[in-house]
Number of protein chains: 2
Amino acid sequence: MAATDRKPKTLAHYPRPSVAVDTAVLTVADGQLCVGVLRDPRSARLRLPGTFLHEGETLADAVRRSLREKAGIEGVEPAQLHVFDAPGRDSRGWVLSVAHVAVVPATGLRELQPRAVTEAMGLDFDHDEIVRLAVSLLRADYAEHPDPARLLPEPFTVTALREVHDAVAGERLLPDSFRRRMLPMLRRTGELQRGGVGKPAALYRRTTTS
Amino acid sequence: MAATDRKPKTLAHYPRPSVAVDTAVLTVADGQLCVGVLRDPRSARLRLPGTFLHEGETLADAVRRSLREKAGIEGVEPAQLHVFDAPGRDSRGWVLSVAHVAVVPATGLRELQPRAVTEAMGLDFDHDEIVRLAVSLLRADYAEHPDPARLLPEPFTVTALREVHDAVAGERLLPDSFRRRMLPMLRRTGELQRGGVGKPAALYRRTTTS
DNA sequence: TGACATTAGCGCGGATCTGCTTGAATGCGA
DNA sequence: TCGCATTCAAGCAGATCCGCGCTAATGTCA
C-alpha cells in the first residue's frame, strides 16, 4: 500500500489521478460467448460500461454501481484484470482505468448490446484489450472447473454443461475427454433428465465450491 | 478507460485517490526463493518497497523509480498483480495500491534485506498478501517455461536449470519429468560442461522467446 | 405396436507419460 | 595408472490418458 515518500505533510500535497473502472460483462447467448457494449454519448463509439471511482467506495462497488446505473444489471461479482495507465490514453486528463470482468446469465445483459467476442472489435479506449483479457481469464477458469460462473442452473446434464463450455471456449470440445475431466468435480443427484429424445441423461450438481 | 459520468465539466470536480505502487522483489539465493524487504521509517515494521505515483508517470516507471531510490536496483521489468482498494487500509487517507512483482538475480537485491518467502510474514499493510500473489504468479510461470525470469546466464545445464526451478517451486522436482518437460523449449549448444566431477553435461540455451 | 432415429455412457486398444534402472563418461584418489 | 565415486541421459516397464466403437434406453413415426 501506501509508500513513505520524502517529506509530505499530507497526501493531498501530491497530484492524484482520476481512477475509473471499466467492465467486460460476459455471457453465453445462442451458443456464443458475448460481451455487453453500449454507445458512448461523447464519442458515439461503442465501449464497455464504466465509471469513475467515488470516495469511500471499493473498485468492486464502483463496478456494481456502473452496471446498475448504465445497464440495470444487479448482483454481479466483478474480478480485477489489469490497470491501464498509459499517459495520454484519455484526452480529458490523467486517468487510470482498472479493467474488470463480470459474468451474467444469458438474459442478464439488460440494456447492454450483446456482441460475439469474436466480432467485438474497434471499441473505444483500450476496451478491445480488456475484452481479450476477460475472455482469456474466463477460458482459463472454464478449462479447469465446471461452469465456475454458474451460468447453468443445477441440476444439469453433462451434455448441457459441455455446451456451455463449448461456447466459452469458442470450439467444440471432445465429449469424452470433457466428461472424464469434469466427472470428478460433479456429484450425481440420482435423478434422470426426462422428456427429451434418446437415452435419459444423469443429472449432476457441482461439488467444487469454487 | 475513462467513463462518461453525469455532467462534470472537468475531471477535477471529482475527489481522487492517491495511488501507490508496492513491489515484491523476488530472487533466488542459497537455493531459496527470497523477497526483498526494508524497514518502514514511520511504522518501524518491515515492508515492501513502494512509492506514490507521480503525474505523467506509468505504474512501471513508478516501480522502477521506487526500487532505484530506495534500494539502488536498476533495470527491472515489473508486472502488475492486483489493486488493493479497501477503504481505511491506509491510516493517512484514501490510498489505492497497485501491487507489482519483479525478479532480479541473486546479487540484485542491493539495499533490500532478503527474506525466504516461507518466513516472510507479518509485513506492514497488505504486503503479506502481495508476496503470496507474487510467489504464486512466479511459480505458475516457472511451471510452464524454462527460467522465464532469466535468473540463470546462458548457456546452462539441465541440472543447473532444475536447481533454480527447485528453489522457485520450494520443493525438489523429479529430475526426469523436469528434463522431459523442458527439453522441447531448449536448444543444445553442442558444447559440454567441463571441469566438474562425473559425466559432462550438455549445455543449452532457451528457445522460447518468452 | 413395432421398427427406427437419437442420445447417454461404458469399455477397449493405441498412444502417451512416469519413475526407475542401466549404461556411459568423466574427475579423483590410492 | 587403475579402480571408484559421481553425474548425465538413454532405455524400459507399468500406469495413465485418449479417442473410437458399441450397447442401452428412450421418443417418434408409420
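Residues numbered from 1 in each chain as written. Chains lettered and ligands numbered in written order. Predicted model: local features only at pLDDT ≥ 70, side-chain atom pairs only at ≥ 80, totals over all residues. Heavy atoms only, no water.

S.K.: Is there a simple way to think about the UniProt feature "domain: NrtR DNA-binding winged helix" (unreviewed entry) in chain A in this case?
M.R.: The UniProt entry lists residues 149-205 of chain A under the feature "domain: NrtR DNA-binding winged helix" (unreviewed entry), expressed in the numbering used here. End C-alpha atoms of residues 149-205 of chain A are separated by 14 Å, and the span's content is 35% helix alongside 23% strand. (UniProt positions renumbered as here; feature names shortened; annotations may be inferred. Helix = DSSP H or I, 4+ residues; strand = E, 2+ residues; numbered from the N terminus.)

S.K.: Would you mind going over the protein's contact with DNA strand C with me for this structure?
M.R.: Close to DNA strand C lie 19 residues, the nearest being Thr-159 and Arg-179 of chain A together with Asp-176, Ser-177 and Arg-180 of chain B. The share of sugar and phosphate among atoms of DNA strand C within 4 Å of the protein is 62%. Ala-202 of chain A is positioned such that a nitrogen or oxygen atom in its backbone is 2.7 Å from a phosphate oxygen of DNA strand C. Sorting the residues of the surface near DNA strand C by element identifies helix H4 (175-182) and strand E9 (201-206) of chain A together with helix H4 (175-182) of chain B as the ones contributing at least two each. Counted by class, the surface near DNA strand C contains 7 nonpolar, 5 polar and 7 charged residues. (Near = heavy atom within 4 Å. Polar contact = N/O pair within 3.5 Å; in protein donor to acceptor, adjacent residues only side chain to side chain. Nonpolar A, V, L, I, M, F, W, Y, C, P; charged D, E, K, R; others polar.)

S.K.: Whenever I open this one, the protein's contact with DNA strand D confuses me. Can you help?
M.R.: Taken together, 19 residues lie near DNA strand D, and Asp-176, Ser-177 and Arg-180 of chain A together with Arg-179 and Ala-202 of chain B sit nearest. Contact between DNA strand D and Arg-180 of chain A: a base nitrogen at 2.5 Å from a side-chain N or O atom of the residue. Broken down by secondary-structure element, the contributors of at least two residues to the surface near DNA strand D are H4 of chain A together with H4 of chain B. The element contributing the most residues to the surface near DNA strand D is H4 of chain A, with 3 residues. Residue classes in the surface near DNA strand D are distributed as 7 nonpolar, 5 polar and 7 charged.

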